[in-house]
Amino acid sequence: MPASKSPVIETRGLRKVFRDFWRRPTVEAVKGLDLTINDGEVFGLLGPNGSGKSTTIKMLLGLLRPTAGTIRVLGSAPDDTHAKACIGYLPEVSHLHTFLTPRETLMYYASLFGLSRAQAVQRTRELLAMVDLEHAADRAVGGFSKGMARRVGLAQALVNAPRLLILDEPTSGLDPIGSREVKDLVCALAKGGVTVLMTSHLLADVEDVCDRVAILDRGVLCAEGKIADLLRQPDAVRFEVEGLDEPDAAAVRAELEARTGRRVRQEYPAMSLERYFLQVVARDGQQRTFAMAPFLGATLSAPETDPTPTSNSLPMT
Amino acid sequence: MFPHDGQSRARGLALKQTAAIARATLVEAIQQPVAFLILLSAVMTTLLVPVFQFHRFGEDGRLARDSGLACMLVFGLVLAAGTAGRTVSGEITCGTAAAALGKPVRRVTFLLAKALGVLAVTMLFWLGVLCATLLAERGSAHFISHIEYTGYVMDVITLVLGVAGVAVALLVAAARHYYGRRRFGVSAFVGVVLSQVLVVLATGFYNRLGQLYPLLGEAACLDSGAGHAHAAGWVFYHPELNLRVIPVALLVLFALAIFAALATALATRLPTGPTLAICAGVLLLGLAGDSLLIGAPFWSVRGLVAGLLPDLQNFWLCDAVARGGRIAWRYVGAAALYALTCCVLFLGAGCLAFRERDLG
Ligand SMILES: Nc1ncnc2c1ncn2[C@@H]1O[C@H](COP(=O)(O)OP(=O)(O)OP(=O)(O)O)[C@@H](O)[C@H]1O
Ligand SMILES: [Mg+2]
């Protein structure tokens, strides 16, 4: 991760009040949000439904006008087109022109970034391969499944090789392989110095990829910090031992209980369902290699980056 | 890789974006079955009027011409206002506008590109119906005095070619869809327009009696009506079309452009239904503009309404070309300027309304 810590996104006292046709306030979706996201960070914006995550993101992109407060994105106002040329955005729902094919969609967005035809054709080819949609590249996206549309949405967010990537629930609708790939992509992009802001309801996903998170509730920032800091339980220690047989485990446990005078909990962790799924659907008995690798110049493979523990673990409280 | 500072680069980018958005709007609009049905209805009605014509209205071909122009105005208004309303408010509600504006696209660029896309659809439609009108007028019964025949003649070949052109365009569109997986709506829409243009060009190769050129002198010339002259030598190509219709049709196109701009502006804030309703109101009041203004005091609601709304009577001058009449090109120029002013005002208001519009 790059050392520089200049803020890529900075909001101060950000408020958004939605109004009805008669300009009467209907809901205050964001209430005085102060947020700072630094260069090269992967930042997770969490919160229950309706807590104002998407509203915040839309304000960062100049799609919604804030009622009060200031926003700086890449040092500029939210609707500055120079700044937007460096931003990739995946909306909560992949809003796509249903009559266009994925290829046409990517060419369309490439032309909005001013890419030449040759550049656009090449980028489109790379992105279609990356999101594994080459087989459906010439079918209208109107007939796509939710996950396929999501993949097109993801590809269009990367069309300009962004410096700042804003992903609103990127894994929603994706199959486990797709989610894994998105997480790998985010990690790879972050390694390349891209700043990522993402929202997700899948906390495990956020935990896997984010450096820092903020939790919004009804428009108010309730918690913010590094995941490791937020999640650390200072009064608990966990050991993990591979290949420990039952009598030894019981002996260790008894020893620990005798020594500390506290109850020790012993568990045999199972493989995560995600990892199991990835193993089952691995094609041709091979590890599934992330198709984004050539595009990013890095080789990533799904199961290896899975941080879920698979060995015997002995959590103690 | 991406354009950064520099005004010319920014302008180049804006042009590129405008072209992309306008093109997507055009494709989206004409691949809608309803757009194609509107074009098909207008063209077929225009081409079939001469077949069922039982009255001359004092001039050969007048009924065909007037109904062609009326189809152009009525169907064109529905198409222009409907497309503008649907494409702008549709994109705002379904989120594709937000997706585009999340890219480095200015809101003004987006809206103007949308308006240009709608204008392109309208112009394609207009071209198709204009050609059909020219064909219908030529095809309808005319009194001719020819060395071989004197009396009323209906140019059935031209009408059949016009209708056959539509049929062929549909078949080609179906084949392109089946074999090339091309969009049927787009091929059909463009194909029907193209077929009418081609038939218009083809009418120059034969006369009203169906005789192929080249023909010599009197044998060639069957121009009916006042302006009919005899060629001295061989005639190789002679379309016998009433080109005086073109300025009248241009005026109709200006009216359609005004409505496209108005609907685009309204759709930035309103759904398609209310947009169309307001357009219909403006149409009625605009046509009544003259009578509203007559006798109205300078400062009055009537005067204000008549002053604010575009006076559509300026754009409906089909009587001016009756019995050999002409519309001066200077008038067309002035009307173009008037229409442009209306469009700029409407789109300017639209841009202001869209600037603060929440997209999400
Ligand atoms: N265009 C809108 N008009 C009116 N109210 C809106 C609009 N968009 C969002 N809201 C309201 O703002 C609040 C926050 O919505 P937002 O979409 O930001 O939530 P969220 O945190 O993204 O939720 P989710 O997790 O379900 O996506 C909600 O109460 C919602 O009803
Ligand atoms: Mg949301």
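Preceding block: the structure.
In this report, we go over the structure that sits alongside the text. Everything numeric here is computed off the predicted structure, so don't read it as measured data. (Residues numbered from 1 in each chain as written. Chains lettered and ligands numbered in written order. Predicted model: local features only at pLDDT ≥ 70, side-chain atom pairs only at ≥ 80, totals over all residues. Heavy atoms only, no water.)

1. Side note on the pattern of salt bridges
Note the following rule: Here a salt bridge means any side-chain nitrogen of Lys or Arg lying within 4 Å of a carboxyl oxygen belonging to Asp or Glu. Exposure categories follow from relative accessible area, calculated using a 1.4 Å probe and restricted to protein chains: below 20% of the type maximum is buried, above 50% is exposed, and the middle band is partly exposed. Think of it this way: any DSSP run of H or I at least four residues long counts as a helix, any run of E at least two long counts as a strand, and we number them from the N terminus.
Scanning the entire structure with this criterion turns up 28 salt bridges over all chains. In this structure, E10 of chain A and R12 of chain A form a salt bridge, with 3.2 Å as the shortest nitrogen-oxygen distance. The exposure class of E10 of chain A is partly exposed, given its relative accessible area of 27%. Of the charged contacts, one joins E257 of chain A and R253 of chain A as a salt bridge, the two residues approaching to 3.8 Å between their closest N and O atoms. Within this pair, E257 of chain A and its partner R253 of chain A are both found in helix α9 (residues 246–260), separated by four residues, close to a single helical turn. Linked through salt bridges whose partners overlap, the residues forming this network are R62, R65, D66, E137 and D319 of chain B.

2. Notes on the coordination of the magnesium ion (ligand 2)
A four-donor tetrahedral metal ideally has 109.5 degree angles, and a six-donor octahedral metal ideally has angles of 90 or 180 degrees. Residue and element names in this part refer to chain A. Inclusion rule: Keep in mind that water is not among the atoms, so a site may look incomplete; donors are the N, O and S atoms within 2.8 Å of the metal, or 3.2 Å for Na, K and Ca.
S54 (OG) and E92 (OE) make up the full set of protein donors to the magnesium ion (ligand 2), lying at 1.9 to 2.1 Å. Highlighted residues: S54 in helix α1 (residues 53–60) and E92 in the loop between β5 (87–90) and α3 (102–112), separated in sequence by 38 residues. A relative accessible area of 32% places E92 in the partly exposed class.

3. Quick notes on helix α6 (residues 156–180) of chain B
All names here are of chain B. Quick reminder of the rule: Under the convention used throughout, the expected extent of a helix is 1.5 Å for every residue step, that is, one less than its residue count. Working rule for contacts: check all heavy atoms of both residues, and any pair within 4.5 Å makes them a contact.
The terminal C-alpha atoms of α6, which comprises 25 residues, lie 34 Å apart, in line with the 36 Å expected from a rise of 1.5 Å per residue. Taken residue by residue, α6 has T158, L159, G162, G165, V166, A169 and A173 as its buried positions. On its buried face, α6 is in contact with α2 (33–48), α5 (107–139) and α7 (184–202). Just past α6, the residue R181 takes up positive phi, approximately 55°.

4. Points about the side chain of N160 of chain A
Residues and elements named next belong to chain A. Definition in use: Definition of a polar contact: a pair of N or O atoms within 3.5 Å, with one able to donate and the other able to accept a hydrogen when the atoms are protein atoms, and with sequence-neighbouring residues admitted only if both atoms are side-chain atoms.
Structurally, the position occupied by N160 is in the loop between α5 (146–157) and β6 (164–168). Of the residues examined, N160 reaches a relative accessible area of 1% and is grouped as buried. Reaching out from N160, the side chain makes a polar contact with the backbone oxygen of A85 at a distance of 2.9 Å. A polar side-chain atom of N160 sits 3.0 Å from the main-chain carbonyl oxygen of I87.

5. Here we look at the interface of chain A and chain B
Many analyses report the size of an interface as the accessible area lost when the parts associate. Convention followed: Summed over both partners, buried area is the accessible surface (1.4 Å probe) that two parts give up on being assembled.
Taken together, the contacts link 33 residues of chain A with 35 residues of chain B. In this assembly, chain A packs against chain B so that about 3,100 Å² is buried in total across both faces, 60% of it on carbon and sulfur atoms. Looking at the side of chain A facing chain B, the largest losses of area belong to L63, F99 and L112 of chain A, adding up to 22% of the total buried there. Applying the counting criterion to the chain A and chain B interface returns three salt bridges. Taking the shortest distance from any N to any O, the salt bridge between E104 of chain A and R183 of chain B comes out at 2.4 Å. Applying the counting rule to chain A against chain B returns 14 residue pairs in polar contact (both at pLDDT 80 or more). When contributions to the side of chain A that touches chain B are tallied by element, the ones reaching two or more residues are β1 (7–19), α2 (81–84), α3, α4 (117–130) and α5 of chain A.

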